[in-house]
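# Structural features, examined
Listed below, chain by chain, are the residues.
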Amino acid sequence: MGSQFSDPRPLSPFTTIWRWHITMVASILHRLSGVALYGGAFVFTAWLVAAAMGQTVYGRFTALAGSVPGLVVLFGLTLALCFHLLNGVRHLVWDSGAGYEKQTAERSAWAVLVLALLLTVAIWAAAYSGLGLLNLGG
Amino acid sequence: MRTAFKIVTGLGPAHDGVGHFVRQRVTALVLLVLVPLFLFQFLASLNTGYGGVVAWLGSPFGALLTLVLVSAMIAHMRIGLRVVIEDYVSGGARRLLLLLNALTTLALWLAAVYALVKINFGG
């Protein structure tokens, strides 16, 4: 089909051809973090059900969550949540018709990425400083 | 000459209009308020252990906040993954994945409701 066009430019937005730009990164990350949070919903529900099943089951859950792989997953989910939430605000602003200017969209993409990282670090700092994440099991 | 009903309603062959679009944004707004609220409560309760967590989930405020949060979250992720599936998968696999998405989110919601009911009324 493509052979009838002599124009060498790409026919469709294709990630291997397009130069990466920050609005594209934010867009892809929004979908990626959304899918990751779908998995996070299982972790959240498992936490709720574990709490309902009693102290023994809950202890098993917190032991798993407090292990190194568990903490890595939880940190990743925190980052996905912070990014998806902040970038979601960006989408809601767009829905109102504002913020579509090229420079504004690029700046807000950078802002959301940086803020998501800072917020994640802040949440984990709060969890560890005095509050003691690993005491969750009781 | 009469105009077809489906054209009047603007629903097209999917028999569904902007319902998902609107619902995705309404649940987003609810989550925008409740997720930070929940996170704040959660971080504050981290050092209270099992007893503190169950006491909070068993309080009217904690239970209702968690119920609304989990409901909005599951409604939001159900629509979200539906869009992803529709974008990347076609044919029979799409039908199967859409069905799985619907059943999984329903099961997840029921599990969360069961947990909250058990904590609050289970004795």
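Quick notes on the rules
Residues numbered from 1 in each chain as written. Chains lettered and ligands numbered in written order. Predicted model: local features only at pLDDT ≥ 70, side-chain atom pairs only at ≥ 80, totals over all residues. Heavy atoms only, no water. Helix = DSSP H or I, 4+ residues; strand = E, 2+ residues; numbered from the N terminus. Buried < 20%, exposed > 50% of the residue type's maximum accessible area, 1.4 Å probe, protein only. Contact = heavy atoms within 4.5 Å. pLDDT = per-residue confidence, 0-100. 1 Å grid on protein atoms, 1.4 Å probe; cavity = no way out; pocket = protein on both sides within 12 Å on 5 of 7 lines; lining within 4 Å. Points joined across faces, edges and corners; volume = space filled by probe spheres on them. Nonpolar A, V, L, I, M, F, W, Y, C, P; charged D, E, K, R; others polar. Phe/Tyr/Trp six-rings, centres within 6.5 Å; stacked < 30°, edge-to-face > 60°. Salt bridge = Lys/Arg side-chain N within 4 Å of Asp/Glu carboxyl O. Expected span 1.5 Å × (residues − 1). Buried area = accessible area lost by both parts, 1.4 Å probe. Polar contact = N/O pair within 3.5 Å; in protein donor to acceptor, adjacent residues only side chain to side chain.

## Details of the overall build of chain A
On a plain count of helices and strands, chain A comes out with four helices and zero strands. When the elements of chain A are put in sequence order from the N terminus, they spell out α-α-α-α. Within the span of chain A, comprising 138 residues, buried residues form 33% of the whole. Put simply, of all contacts in chain A between residues at least 6 apart along the chain, 69% involve residues at least 24 apart.

## As for the confidence of the model for chain B
Mean pLDDT over chain B: 91, with 92% of residues reaching 70 or higher. Across chain B, the secondary-structure element scoring lowest on mean pLDDT is helix α1 (residues 5–9) of chain B, at 70, and the one scoring highest is helix α5 (residues 91–121) of chain B, at 97.

## Considering the environment of B:Met77
Tracing the backbone shows B:Met77 in helix α4 (residues 60–88). Owing to a relative accessible area of 9%, B:Met77 belongs among the buried residues under this scheme. For B:Met77 and B:Gln24, which are 53 residues apart along the polypeptide, the C-alpha to C-alpha distance reads 8.6 Å. Leave out the neighbours within four places in its chain, and B:Met77 touches A:Tyr38, A:Ala41, B:Thr105 and B:Leu108.

## Observations regarding the layout of surface pockets
Sizing a probe to match a water molecule and rolling it over the atoms shows the empty space that remains. Residue and element names in this part refer to chain B. In this structure, the second largest pocket spans a volume of roughly 160 Å³. If you trace the second largest pocket, you find it lined by His-20, Arg-23, Ala-75, Arg-78, Ile-79, Arg-82, Leu-98, Asn-101 and Ala-102. When residues of the lining of the second largest pocket are traced back to their parent elements, those giving at least two are α2 (19–44), α4 and α5. The residue makeup of the lining of the second largest pocket, split by class, is four nonpolar, two polar and three charged.

## Things to note about the packing of aromatic side chains
If you walk through the whole model with that rule in mind, you get eleven aromatic pairs over all chains. A centroid spacing of 6.2 Å and a plane angle of 10° characterise the contact between B:Phe38 and B:Phe42, whose relative ring orientation is stacked. Residue B:Phe38 and its partner B:Phe42 are located together in helix α2, separated by four residues, close to a single helical turn. Within the aromatic cluster, the residues linked to one another by ring pairs are A:Phe44, A:Trp47, B:Phe38, B:Phe42 and B:Trp56.

## Some details on the pattern of salt bridges
Counted according to the given criterion, the structure contains three salt bridges over all chains. Residue A:Arg31 is joined to B:Asp87 by a salt bridge in which the shortest nitrogen-to-oxygen separation is 2.8 Å. Residue A:Arg31 is found in helix α1 (residues 22–53), and its partner B:Asp87 is found in helix α4; the two belong to separate chains. What makes B:Asp87 partly exposed here is its relative accessible area of 46%. Of the charged contacts, one joins B:Glu86 and B:Arg82 as a salt bridge, the two residues approaching to 2.8 Å between their closest N and O atoms. Residue B:Glu86 and its partner B:Arg82 are located together in helix α4, separated by four residues, close to a single helical turn. Residue classification places B:Glu86 among the partly exposed residues on the basis of a relative accessible area of 29%. The class for B:Arg82 is partly exposed, based on a relative accessible area of 34%.

## Quick word on helix α4 (residues 102–128) of chain A
The terminal C-alpha atoms of α4(A) lie 40 Å apart, and with 27 residues this matches the ideal 39 Å at 1.5 Å per residue to within 8%. Taken together, the buried positions of α4(A) are occupied by A:Ala105, A:Ala109, A:Val112, A:Ala116, A:Thr120, A:Ile123, A:Trp124 and A:Ala127. Buried residues belonging to α4(A) abut α1 and α3 (68–95) of chain A together with α2 of chain B.

## Observations concerning the interface of chain A and chain B
Of the residues lining the interface, 32 residues belong to chain A; the matching set on chain B comes to 40 residues. Interface area for chain A against chain B, summed over the two sides, is near 3,100 Å², with a carbon-plus-sulfur share of 80%. Summed over the shared surface of chain A and chain B, the number is two salt bridges. Seen at the junction of chain A and chain B, the total is six residue pairs in polar contact (both at pLDDT 80 or more). Within the residue set of the side of chain A that touches chain B, elements represented by two or more residues are α1, α2 (55–66), α3 and α4 of chain A. At twelve residues, α1(A) tops the list of elements feeding residues into the side of chain A that touches chain B.

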